[in-house]
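Structural overview
Next come the chains, spelled out residue by residue.
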Amino acid sequence: MSEQPVHPEAPVEPPPMRTLGEVRAALAAGLGFPGDLARLEAELAATLDRVDFTDLREVSELIATYRGHVLTRCDPDFEASLAEGIELARALKLESPR
């Protein structure tokens, strides 16, 4: 199995994400994890249907979560850290007796 970068075009500097629209734009540009934009939209709709309009704390937390996904993917050390974790898991699996 050949190793491929998770997101080869991820910029080092993340885009501004001060609004829901900017977070959506970053996800639409592919800067989050695969499927993030669709998950954000589904979770946002479900949350808005469930919470009181005067308490948007859950909506804010949801947006912050997906903003965090973009920041993680834009981190220049993300790929190396992910590869290190995969190698560690692979080594542990090979060491464990069956």
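See the structure above.
What comes next is a walk through the structure. (Residues numbered from 1 in each chain as written. Predicted model: local features only at pLDDT ≥ 70, side-chain atom pairs only at ≥ 80, totals over all residues. Heavy atoms only, no water.)

Let's talk about the overall build of the protein chain
Counted only if it meets this: Secondary structure elements are defined from DSSP: runs of H or I of at least 4 residues count as helices, runs of E of at least 2 residues count as strands, and each element is numbered from the N terminus. For every residue, the accessible area obtained with a 1.4 Å probe (protein chains only) is divided by the maximum for its type, and the residue is called buried under 20%, exposed over 50%, and partly exposed between those limits. Note on definitions: a residue-residue contact is assigned when non-hydrogen atoms from the two residues lie within 4.5 Å.
What the protein chain contains, in helices and strands, is four helices and zero strands. The order of α-helices and β-strands along the protein chain, N terminus first, is α-α-α-α. Here the protein chain, with 98 residues, has 20% of them falling under the buried criterion. When contacts within the protein chain are restricted to residue pairs at least 6 apart in sequence, long-range pairs at least 24 apart make up 58% of them.

Concerning the environment of Pro15
With respect to the element layout, Pro15 can be found in the segment before helix 1 (20–28). Discounting chain neighbours no more than four positions away, the residues touching Pro15 are Ala26, Leu31, Val70 and Cys74.

Overview of the nonpolar core
Inside soluble globular proteins, nonpolar side chains tend to come together where they are buried. Rules: Buried residues of nine kinds, namely Ala, Val, Leu, Ile, Met, Phe, Trp, Tyr and Cys, make up a nonpolar core once their side-chain atoms join them within 4.5 Å.
Counting 14 residues, the largest nonpolar core has Val23, Leu27, Leu40, Tyr66 and Val70 as its most contacted members. Within the residue set of this core, elements represented by two or more residues are helix 1, helix 2 (36–50) and helix 3 (57–74). Beyond its immediate stretch of four places on either side in the chain, Leu40 contacts Leu20, Val23, Arg24, Leu27, Leu62 and Tyr66.

Concerning the packing of helix 1 against helix 2
Geometry of a packed helix pair, given as the angle between the helix axes and the separation of the axes. Operational definition: In this analysis, axes come from line fits to C-alpha atoms, helices being fitted only over the stretch in contact, and the angle between any two N-to-C directions falls in the range 0 to 180 degrees. Note that Gly is not counted as nonpolar here; it falls among the polar residues with everything else outside the nonpolar set of Ala, Val, Leu, Ile, Met, Phe, Trp, Tyr, Cys and Pro and the charged set of Asp, Glu, Lys and Arg.
Relative orientation of the contacting elements helix 1 and helix 2 amounts to 145°, with a least axis distance of 8 Å. When helix 1 is examined against helix 2, the residues Leu20, Val23, Arg24, Leu27 and Ala28 are found in contact with a partner set consisting of Asp36, Leu37, Leu40, Glu41 and Leu44. Partitioning the contact of helix 1 with helix 2 into residue classes produces seven nonpolar, no polar and three charged.

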